[in-house]
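Structure assessment
Listed below are the residues making up each chain.
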Amino acid sequence: MAQLLLAVVSSLSLLSPRTAAAATSTASGGKPLVTAITRDAATKLYTAPLKDALPLVLDLSGPLLWSTCAAAHPSYECHHAACAHAHAHHPPGCPRTGHGVPDEDDPFRCRCRAHPYNPFARRAGSGDLTRARVTANATDGANPLAEVSFTAVAACAPRTLLAGLPAGSVGVAGLARSKLALPAQVASKQKVARRFALCLPGAGNGLGVAIFGGGPLFLLPPGRPDVTASLAGTTPLRGNARVPGYFISAKGIAVNQAQVQVPQLGPLAVALCSRIPYTVLRPDVYVPFIRAFDLAMAGRKRETPPTPPFELCYDSRELGSTRLGYAVPQVDLMLESGATWTVFGGNSMVQVSDDTACFAFLEMKEEKQEGGHGYGDAAAAPVPAVVIGGFQMENNLLVFDQEKGQLGFSGLLFGRQTTCSNFNFTLAD
Ligand SMILES: *[C@@H]1O[C@H](CO)[C@@H](O)[C@H](O)[C@H]1NC(C)=O
Ligand SMILES: *[C@@H]1O[C@H](CO)[C@@H](O)[C@H](O)[C@H]1NC(C)=O
């Protein structure tokens with residue numbers, strides 16, 4: 001008991017009066033929050049200005065919020081429930097320390113140390129579990145209404161853990177299915193649904209948009225229906241509690257509406273991952289898939305050698321354009337629910353130079369299979385057959401609904417004559 005009391009007192013003394021006050025301020029309640037999304041050209045990662053207007057990298061597979069901290073910052077004590085949540089998902093190869101045991105150098109102190117993970121540099125660090133101020137705008141789905149700040153649980157990270165992140169970003173906002181990821185923290189602070197809509201912008205398109213708390217979401221031009229209420233399809237979210245990322249299940253993949261024959265019988269696990277720029281497929285699926293696309297493209301002029309890392313590149317002047325991008329065979333992901341996620345040219349062909357566009361799917365590398373895409377605890381997770389990367393999600397609205405346990409998707413928004421960069425970020429008048 002005495003020890004517990006000491007622990008509480010010592011953790012309180014680390015809270016400055018200013019931050020302690022912030023912990024009980026602003027949240028207005030009830031309204032979803034909107035944030036702008038920037039695509040970083042150099043890293044092809046997506047950021048949002050969530051921490052004191054400074055960007056955090058959005059990570060669909062990340063279980064925590066983390067960023068660098070000021071030297072003086074509040075910290076949680078090591079028996080706090082938040083500390084247990086922070087330790088629910090350990091980065092690969094990371095020691096299980098920092099929860100429930102006194103500090104090594106001071107037996108009377110017990111600060112919660114968390115282990116934030118940088119998936120881009122594939123490195124973990126240690127830092128205090130602290131409180132950070134998250135700021136975004138409340139929204140009616142059409143415009144930002146007013147800024148809202150709340151205090152979130154976040155891990156401090158050493159500055160060196162920022163390696164590989166876009167210039168200027170100060171950490172990572174995990175969006176996964178865990179108690180300390182951003183969607184769950186917004187849901188409890190704002191009293192909104194555990195649901196978020198993600199609309200990643202394409203290269204050179206301007207800002208994308210995310211709404212935490214669900215819809216509605218209206219994109220310009222004015223007068224269009226709520227995109228979250230007119231989805232092309234939904235499918236159940238799959239996965240297990242030990243792996244916090246998002247998984248869906250597919251019955252097969254088709255190219256030009258012919259199913260690709262893969263050796264694996266039964267469903268294919270598909271992960272969604274904003275950490276990688278292009279979709280990767282397990283070698284046993286990739287080889288027949290790319291062969292099928294090559295065959296379906298018969299007659300089109302291949303460029304040899306192709307531009308690495310891609311395998312199929314074409315003279316883009318000869319491809320022909322449609323509203324949905326280059327006129328190439330469509331790729332269908334036939335989902336468990338019966339819905340089909342169709343990938344058109346706008347999400348399958350990447351322009352690598354003025355005259356060259358490449359088929360933007362890559363073969364999964366062996367090393368990447370260990371937690372690199374954020375299935376976290378590699379041992380706990382089957383290796384997905386497909387990991388959908390950023391490029392294939394761009395200009396598609398995705399609704400991650402943890403309450404219904406389902407993923408909703410709009411299909412390529414070009415088909416509705418809009419894009420993810422058409423949210424009206426002007427404050428409502
Ligand atoms: C809120 O919206 C206004 C208007 O678009 C914008 O200037 C401001 O940066 C937004 N605040 C945050 C925290 O995103
Ligand atoms: C964007 O929203 C503002 C504020 O409601 C409005 O005045 C403006 O007309 C909207 N822009 C467009 C293009 O609809």
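Refer to the preceding data block for the structure.
Residues numbered from 1 in each chain as written. Chains lettered and ligands numbered in written order. Predicted model: local features only at pLDDT ≥ 70, side-chain atom pairs only at ≥ 80, totals over all residues. Heavy atoms only, no water.

All right, on to the overall build of the protein then. The helix and strand inventory of the protein stands at seven helices and 28 strands. Taken over 429 residues, the protein has a buried fraction of 54%. For the protein, long-range pairs separated by at least 24 residues make up 69% of all intrachain contacts whose partners lie at least 6 apart in sequence. (Helix = DSSP H or I, 4+ residues; strand = E, 2+ residues; numbered from the N terminus. Buried < 20%, exposed > 50% of the residue type's maximum accessible area, 1.4 Å probe, protein only. Contact = heavy atoms within 4.5 Å.)

Taken together, Thr 135, Ala 136, Asn 137, Pro 144, Glu 147, Phe 425 and Leu 427 make up the full set of residues adjacent to ligand 1. Between ligand 1 and Asn 137, the relevant distance is 2.4 Å, taken from an oxygen atom to a side-chain nitrogen or oxygen of the residue. Within the complex, 64% of the 360 Å² of free accessible area of ligand 1 lies under protein. Elements with a contribution of two residues or more to the shell around ligand 1: β8 (127-139) and β9 (144-156). For the shell around ligand 1, the element with the highest residue contribution is β8, accounting for three residues. (Near = heavy atom within 4 Å. Polar contact = N/O pair within 3.5 Å; in protein donor to acceptor, adjacent residues only side chain to side chain. Areas by Shrake-Rupley, 256 points an atom, 1.4 Å probe, with all protein chains shown as cover.)

The biggest cluster of nonpolar side chains holds 68 residues, and the ones touching the most others in it are Leu 182, Leu 272 and Trp 341. Counting residues domain by domain, this core receives three or more from each of domain 1 (2-212) and domain 2 (232-396). For Trp 341, the contacting residues outside a window of four places in its chain are Ile 248, Leu 272, Val 331, Asp 332, Leu 333, Leu 335, Ile 388, Gln 392, Asn 396, Leu 398, Leu 407 and Phe 409. The next biggest cluster of nonpolar side chains, apart from the first, holds 19 residues, and it includes Leu 45, Ala 82, Ala 86 and Val 153. (Core = buried A, V, L, I, M, F, W, Y, C linked by side-chain atoms within 4.5 Å. Domains from an automatic or database assignment.)

Note that side chains of opposite charge can pair when their charged atoms are close. Applying the stated rule across the entire model yields 11 salt bridges. A salt bridge links Arg 317 to Asp 315; the nearest nitrogen and oxygen atoms lie 3.0 Å apart. Residue classification places Arg 317 among the exposed positions, given a relative accessible area of 60%. Among the residues examined, Asp 315 registers a relative accessible area of 3% and is labelled buried. Within this structure, Lys 301, Asp 315, Arg 317 and Asp 355 form a network of salt bridges that share partners. (Salt bridge = Lys/Arg side-chain N within 4 Å of Asp/Glu carboxyl O.)

The next subject is the state of the cysteines. Going through the model one piece at a time under the given rule, you end up with five disulfides. Bridging Cys 78 to Cys 110, the disulfide has an S-S length of 1.7 Å. With the S-S bond torsion at -100°, the cross-link from Cys 78 to Cys 110 turns out left-handed. Taken together, the positions of Cys 78 in the loop between β4 (65-67) and α3 (81-86) and Cys 110 in the loop between α3 and β5 (113-114) put the pair 32 residues apart, joining distant regions of the chain. Each member of the pair, Cys 78 as well as Cys 110, carries the same accessibility label: buried. Paired through a disulfide, Cys 83 and Cys 112 show a sulfur-sulfur distance of 2.1 Å. (Disulfide = S-S within 2.5 Å.)

Next up on the list: the pairing of strand β3 (residues 54-59). Two strands pair when backbone bridges link them, and strand β2 (residues 46-51) and β3 are joined in this way by three bridges, in the antiparallel orientation. In the sheet register, Lys 51 faces β3, and the bridge partner there is Leu 54. With four bridges joining them, β3 and strand β10 (residues 171-174) adopt parallel strand pairing. Paired with Leu 56 across the two strands is Gly 171, which belongs to β10. (Pairing = 2+ DSSP bridges.)

What follows is about the environment of Val 186. Residue position: Val 186 is located in helix α4 (residues 182-190). C-alpha separation for the pair Val 186 and Ala 152, spaced 34 residues apart in sequence, amounts to 8.4 Å.

If you walk through the whole model with that rule in mind, you get three cavities of 30 Å³ or more. Put simply, the second largest cavity is a space of about 120 Å³. Contributing to the lining of the second largest cavity are 13 residues, with Val 331, Leu 333, Val 343, Phe 361 and Val 386 lying nearest its centre. Of all the elements in the fold, those that place two or more residues in the lining of the second largest cavity are β17 (279-281), β21 (331-335), β22 (340-343) and β26 (386-388). Of all the elements, β21 adds the most residues to the lining of the second largest cavity, at three residues. Its residues assigned to classes, the lining of the second largest cavity shows 10 nonpolar, two polar and one charged. (1 Å grid on protein atoms, 1.4 Å probe; cavity = no way out; pocket = protein on both sides within 12 Å on 5 of 7 lines; lining within 4 Å. Points joined across faces, edges and corners; volume = space filled by probe spheres on them. Nonpolar A, V, L, I, M, F, W, Y, C, P; charged D, E, K, R; others polar.)

It is worth spelling out the packing of aromatic side chains at this point. In the structure shown here, the tally under the stated rule is 12 aromatic pairs. With 4.9 Å between their ring centres and 65° between their planes, Phe 423 and Phe 425 make a pair best called edge-to-face. For Phe 423, a relative accessible area of 5% gives the class buried. Taking NZ or CZ as reference, Arg 131 lies 4.4 Å from the ring centre of Tyr 76, over its face. (Phe/Tyr/Trp six-rings, centres within 6.5 Å; stacked < 30°, edge-to-face > 60°. Lys NZ or Arg CZ within 6 Å of the ring centre and 35° of its normal.)

Neighbouring ligand 2 are Asn 143, Leu 220, Pro 222, Asn 424, Leu 427 and Asp 429. Between ligand 2 and the protein, one listed contact pairs an oxygen atom with a side-chain N or O atom of Asn 143 at 2.9 Å. Separating an oxygen atom of ligand 2 from a side-chain N or O atom of Asn 424 is a distance of 2.2 Å. When the free accessible area of ligand 2 is taken as 360 Å², the share hidden by the protein chains comes to 53%. Taken together, the residues of the shell around ligand 2 sort by class into three nonpolar, two polar and one charged.

Next up on the list: helix α5 (residues 283-296). Spanning 14 residues, α5 covers 20 Å between terminal C-alpha atoms, matching the ideal 20 Å at 1.5 Å per step. Looking at α5, one finds that the buried residues are Val 285, Tyr 286, Pro 288, Phe 289, Ile 290 and Phe 293. (Expected span 1.5 Å × (residues − 1).)

The buried count for strand β1 (residues 33-39) comes to five of seven residues, which makes it a mostly enclosed element. Two strands pair when backbone bridges link them, and β1 and strand β12 (residues 208-212) are joined in this way by five bridges, in the antiparallel orientation. Across the sheet, Thr 35 pairs through a bridge with Ala 210, a residue of β12. Direction of pairing for β1 relative to β8: antiparallel, over a ladder of two bridges. In the strand pairing of β8, Val 34 is matched with Asn 137.

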